[in-house]
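Residues per chain are reported as follows:
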Amino acid sequence: LLRTLIKNDGKIVSEETKKIMTHDAIQFEIESDGDKIISLYVIVGNNLYNFIFKGTTEEIDSLGKEMFSEIVSSMEF
């Protein structure tokens, strides 16, 4: 279901499942019109939380992924 929703935003470049604390999460990287969007969906109980990080391809490739990872690692639910 998420994959279908994400495809509407552009081309999926990568997809990764992970754990945020004890919660399941899936991360997508999307390319659309020269921009990259990293979108993280975290499942907490019966709720789905979405965190989006957007920038140009150059911004995301140079510093964006590192910043995104730092933000995600500090998340608490």
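Okay, so let's go over this structure. The structure presented is a predicted model; accordingly, all values stated were derived computationally and were not measured.

Focus on the nonpolar core
And then number 1: Grouped together as the largest cluster of nonpolar side chains are 11 residues: Ile 20, Ala 25, Ile 38, Leu 40, Val 42, Val 44, Phe 53, Ile 60, Phe 68, Val 72 and Met 75.
And then number 2: Mapped onto this core, the elements with two or more residues apiece are strand 3 (35-44) and helix 2 (57-73).
And then number 3: Among the elements that make up this core, the one with the highest residue count is strand 3 (four residues).
And then number 4: Ignoring anything within four residues of it in the chain, the contact list for Met 75 reads Ile 20, Met 21, Leu 40 and Phe 51.
And then number 5: The next biggest cluster of nonpolar side chains, apart from the first, holds seven residues, and it includes Leu 2, Ile 6, Ile 26 and Ile 37.

Cut-offs and rules
- Residues numbered from 1 in each chain as written.
- Predicted model: local features only at pLDDT ≥ 70, side-chain atom pairs only at ≥ 80, totals over all residues.
- Heavy atoms only, no water.
- Core = buried A, V, L, I, M, F, W, Y, C linked by side-chain atoms within 4.5 Å.
- Buried < 20%, exposed > 50% of the residue type's maximum accessible area, 1.4 Å probe, protein only.
- Helix = DSSP H or I, 4+ residues; strand = E, 2+ residues; numbered from the N terminus.
- Contact = heavy atoms within 4.5 Å.

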